[in-house]
Structure formats: C-alpha cells, structure tokens
Amino acid sequence: MLAARERFVPRGVSTTDLVVARASGARIWDADGREYLDFAGGIACQNLGHGTAGITQAIHEQVDRYLHQCVMVGLYEPYIALAEKLDEVWPGEADTKSLLVNSGAEAVENAVKIARAATGRDAVVVFDRAFHGRTNLTMAMTSKLVYKQGFGPLATDIHRASAPYPYRGVSTDNALRGLELLFKQDLDPKATACIVLETVQGEGGFIPMPAEFVQALRALCDEHGILYVADEVQSGSGRTGTVWAIERLGVEPDLLVAGKTLGGGLPLAAVTGRAELMDAVHPGGLGGTFGGNPVACAAGLAVLEELTAPGFRERAEEVATLLRTRLDEIAAKHSDVVGEVRGLGAMLALELREQSGDASKRVTTAARERGLVLLSCGLYGNVIRLLPPLSATDEELDRGLAILEEALGG
C-alpha cells in the first residue's frame, strides 16, 4: 500500500504510514491487525464513533432504494427531511431553510454567495488562524500559508482581523479594537456582506471564541446590516456536547455552516440560515450534482437523531469533564512542555510551548507507535487536538490519555 501510494498518489496529499483495514467505535485496526485508539476521527468526522448502528442501518436501507437522484432533476424525501431536521436543531428562533452540499469548503463558499446575494455587498471579513477550506475563495479566507502558497491569484475582497487568543496575548478587547481599526482604515462596514467565524477555531489551534467576543460581533453585525456566518464544520455536530457550539454562547447566527460528522462518514455539508436570506438567491443560483446525495442525507438524519437522543449531551459532558481533568493533570506534570489546556466541552487541545511543529510531531508519532492516533494543528503546528468519539468508554479515554502522557514524556 505504501509503495503504491508513492507511485499513484501526488505528494501534495499528506499521509502517514498508517494503513487502516477496519474500524469500530473508538478503535481502528491497521493492515497488520494492530489495534489503535482513534482520537482523530478522520478529522472530526466520527464524533459518534465508527460503525454506529443507527447510521449504518440508515445507509443500508437507502442504498437498497436508490443511490442517486440529483435534487435538481427529481425531488426526494431524504433531502427534504434533513432540511426539516436542520431547522429543528437550529440554535435560535428563526425559521430556516437549508442548502445541502458535499464538503465544508463548498458550504462556506455557498454561505458567502448567499450573504452577497442577500445584502448586495461584496466584502467578507475573516480572522487570524481561520481555516475555511481549500477552494479558491476559501483558500483566501484561510490563514495558514501551506494551504494556499503557490495557488494564486486568490479571490479578492477578503479582509482579515484579529481573533482572541489569550494564551498568546490577544484579548477580546484587542481583537475588537483590531476590527474597529479595519472598519476605519480599510473597509466600509456598509460594504461588508458577512463576517465568518469558527465558533471554536479548528485547524488554527482549537481556540474557543469567548462569549463576549461573539456577542459583540453579533451586535456589530446588527448595527451595520452585516450577516453573521458561524462556521461549525469542526465544532458542530455534537463535538462540544450541544449540537452546535454557538448554542453555548447565547448567540443566534444568520447563517450556519455544518459538515464533517454531519454525514456520519459520508460527504455531506449544509448551509442553514434564516429563510428570507436563503431565498435571496435566484432559482438556479445554488446547487450541484451530488449535493445532498440521498445516501448521505439518510446518514445525516441518523446522525442528528443520535445527537438529539436522550442522554447524548449528558454523556458528552461526562466525556468533557474526564478529558479536561486528566489533561489539566498531564499539563501540570509536564509544564515544561505544555503551555495551555483549552477548548469548549469535549473539543479540547494541548498547546505545546515550543512554537514549531517538531515537538508535536514527536508526540503524535510516539503516541501512534504506542497505539493512539492523534492530530496536531495550530498556525505553528504545535497544538495537540483530541477528537475521540463521544461514544468512547471511560476505559478507552483513560487509556488514550495515558498513552498521550507517555508520548509527552518520551
């Protein structure tokens, strides 16, 4: 497999030497039969664990009916049912409509299209350490150079502001003053279509946005007629315990972007927003051949049923408490290496003091050698993020954290 990868897959696709043969719950097995605990989840795509019975059953049942019916050619029930369910779990009081697409990047791009159509404005405001995707528009919105270097020219009228990062000295007040400066010297707020913000920055380092910052942005948007777009591709779908992380901050966005776990492992993402905004685009302006594929929609419905089932949030809070307690203990024991534990709910990370990816790579490699799959993130690659399934047992969580501590010490 590794030799074939070298021959047939371009080097631009970054991979490890782990070859997965099967997966179940919080565990995966490689081609040699070795078992690993999975604290990566295909980058937050398996918040409910691998092979969840209700999701796989829904997929099988839909496969037996039909695999594909482009919604622009023939309407089908799974698309409408998922849009209805997304309205049910909307983090606010507005009546909503949903556009279903294939990926988080596609959803972000469509959210910007909708915002521009609804406001008649062009400018988009994003933030330091943002990750919104790898399309031309979303590369321009993304902060990390590696994802866009050499791929220009990029989309225009994208403007970047500071986001709070207390550990590295950027307070909420600092960030708000920076945004005020942007609107004074570079950009007329009345020309701004939308502000796009990850409720918890993902690739940027698992940095939760403070409630007071999000609430101030909401007020600023209301003042100037700007649309607030919550990017919940990684922080949503139950990752923090609530269906959407922004629920925990008491703010209702205008548009919300979902993806990753929403499809239960299948390609599915969504833009959900206030009905009058979603209807601002002319007929034919939104769509795509595979967007809202019926099999993916069946999986998405099953995912949202699981996320809203009795006991899910309570168990997610238990997982969050266990993880946070142990991570704080690990950080205290290894304070020479670990600078901060942070996150929201069960979306947690360790930032290493050394601002380079070398130390984190040593940790993730050592952990994998011991049977734990982890991911790094952050602008410098020095943040270890934890994305274990919220269905993992206490024993699995404890064992994974023990391996993480060993890897830090090694």
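Below you will find a few notes about this structure. What you see is a predicted model; the values in this text were computed from it and never measured.

A look at the overall build of the chain
Within the chain, the secondary structure is distributed over 13 helices and 17 strands. On C-alpha atoms alone, the chain measures out to a radius of gyration of 21 Å, which is about the 22 Å that the 2.2 N^0.38 rule sets for 410 residues. Taking all 410 residues of the chain together, the buried fraction comes to 56%. Here the contacts in the chain between residues at least 6 apart in sequence split such that 71% fall between residues at least 24 apart. Roughly 17,300 Å² of accessible area belongs to the chain as shown, and the carbon and sulfur atoms make up 51% of that amount. Taking the average place of the 39 positive charges on the side chains of the chain and the average place of its 54 negative ones, the gap between the two points comes to 6 Å.

Describing the packing of helix α4 (residues 77-88) against helix α10 (residues 294-307)
Closest axis-to-axis distance for the α4/α10 pair is 8 Å, and the angle between their directions is 30°. Viewed along their axes, α4 and α10 adopt a mutual orientation that is roughly parallel. As for how α4 packs across α10, the hand of that crossing is left-handed. Together, Pro-78, Tyr-79, Ala-81, Leu-82, Lys-85 and Leu-86 of α4 and Pro-294, Cys-297, Ala-298, Gly-300, Leu-301, Leu-304 and Glu-305 of α10 make up the contact between the two elements. Residues that form the contact of α4 with α10 fall into these classes: ten nonpolar, one polar and two charged.

Quick notes on the environment of Arg-274
Mapped onto the elements, Arg-274 comes out in strand β12 (residues 269-274). Arg-274 sits in the partly exposed class, given a relative accessible area of 22%. Between the C-alpha atom of Arg-274 and that of Asp-17, which follows or precedes it by 257 residues, the distance is 44 Å.

Structural notes on the layout of surface pockets
Over the atoms, a rolled probe matching the size of one water molecule traces out where space is still vacant. A volume near 460 Å³ is recorded for the second largest pocket. Here the lining of the second largest pocket gets five residues from one element, more than from any other, and that element is strand β4 (residues 96-101). For the lining of the second largest pocket, a count of residues per class yields twelve nonpolar, six polar and three charged.

Some points on empty space enclosed by the protein
Enumeration according to the criterion identifies one cavity of 30 Å³ or more in this entry. The computed volume of the largest cavity comes to approximately 40 Å³. Lining the largest cavity we find Arg-129, Ala-130, Ser-143, Lys-144, Glu-203, Gly-204, Gly-378 and Leu-379. Of the residues in the lining of the largest cavity, the class split is two nonpolar, three polar and three charged.

Comments concerning a nonpolar patch on the surface
Together, Phe-8, Val-9 and Val-13 line one region of the surface with nonpolar side chains, adding up to about 280 Å² of accessible area. Inspection of the secondary structure assignment puts Phe-8 in helix α1 (residues 2-8). Residue Phe-8 is classed as exposed on the basis of its relative accessible area of 62%.

Considering helix α8 (residues 211-224)
Note on helix geometry: an α-helix contains 3.6 residues per turn, so any two residues three or four positions apart are oriented the same way. Over its 14 residues, α8 extends 20 Å from the first C-alpha to the last, a length consistent with the 20 Å expected when each residue adds 1.5 Å. Among the residues making up α8, those that are buried are Phe-213, Val-214, Leu-217, Arg-218, Leu-220, Cys-221 and His-224. On an axial view of α8, the arc spanned by its buried residues comes to 165°, and they lie on one face. Every exposed residue of α8 that faces more than 90 degrees away from the buried side is listed here: Asp-222 and Glu-223. With its phi angle positive at about 70°, Gly-225 sits one or two positions after the end of α8.

Side note on the environment of Val-383
Here Val-383 is to be found in strand β17 (residues 383-386). Between the alpha carbons of Val-383 and Thr-242 there is a distance of 24 Å; along the sequence they are 141 residues apart. Setting aside residues no more than four positions away along its own chain, Val-383 makes contact with Gly-205, Arg-342, Ala-349, Leu-350, Glu-351, Leu-375, Ser-376, Cys-377 and Gly-378.

Observations concerning the sheet that holds β4
Read from one edge of the open sheet, seven strands run β4-β12-β11-β10-β7-β5-β6, paired in mixed fashion. Edge positions in the sheet fall to β4 and β6 (158-161), since each of these pairs with one other strand and no more. Taking each pair of neighbouring strands and ignoring which way they run, the sheet shows an average axis angle of 20°. Taken strand by strand, helix α7 (residues 172-185) contacts β5 (123-127), β6 and β7 (192-198), and its axis lies near 145° from that of β6.

Focus: the pairing of strand β10 (residues 227-231)
Within β10, five of the five residues are buried, which leaves it mostly tucked inside the rest of the structure. Burial of the side chains of β10 extends over both faces: Leu-227, Val-229 and Asp-231 are buried on one face and Tyr-228 and Ala-230 on the other. Bridge count between β7 and β10: five bridges; the pairing is parallel. Within the sheet, the bridge partner assigned to Glu-198 lies in β10 and is Asp-231. Relative to strand β11 (residues 255-258), β10 runs parallel, the two sharing three bridges. Each bridged residue has a counterpart across the sheet, and for Val-229 the counterpart in β11 is Leu-255.

What counts, and where the lines are drawn
Residues numbered from 1 in each chain as written. Predicted model: local features only at pLDDT ≥ 70, side-chain atom pairs only at ≥ 80, totals over all residues. Heavy atoms only, no water. Helix = DSSP H or I, 4+ residues; strand = E, 2+ residues; numbered from the N terminus. Rg over C-alpha atoms; globule rule 2.2 N^0.38 Å. Buried < 20%, exposed > 50% of the residue type's maximum accessible area, 1.4 Å probe, protein only. Contact = heavy atoms within 4.5 Å. Areas by Shrake-Rupley, 256 points an atom, 1.4 Å probe, with all protein chains shown as cover. Lys, Arg positive; Asp, Glu negative; His and termini not counted. Charge placed at Lys NZ, Arg CZ, Asp CG, Glu CD. Axes fitted to C-alpha atoms, helices over the stretch in contact; angles between N-to-C directions. Parallel < 35°, antiparallel > 145°, perpendicular 65-115°, else oblique. Left-handed = near helix turned anticlockwise from the far one by under 90°. Nonpolar A, V, L, I, M, F, W, Y, C, P; charged D, E, K, R; others polar. 1 Å grid on protein atoms, 1.4 Å probe; cavity = no way out; pocket = protein on both sides within 12 Å on 5 of 7 lines; lining within 4 Å. Points joined across faces, edges and corners; volume = space filled by probe spheres on them. Patch = residues over 30% accessible without salt bridge, like charges linked within 9 Å, V, L, I, M, F, W, Y side chains within 5 Å. Salt bridge = Lys/Arg side-chain N within 4 Å of Asp/Glu carboxyl O. Expected span 1.5 Å × (residues − 1). Arc of directions from axis to C-beta. Pairing = 2+ DSSP bridges.

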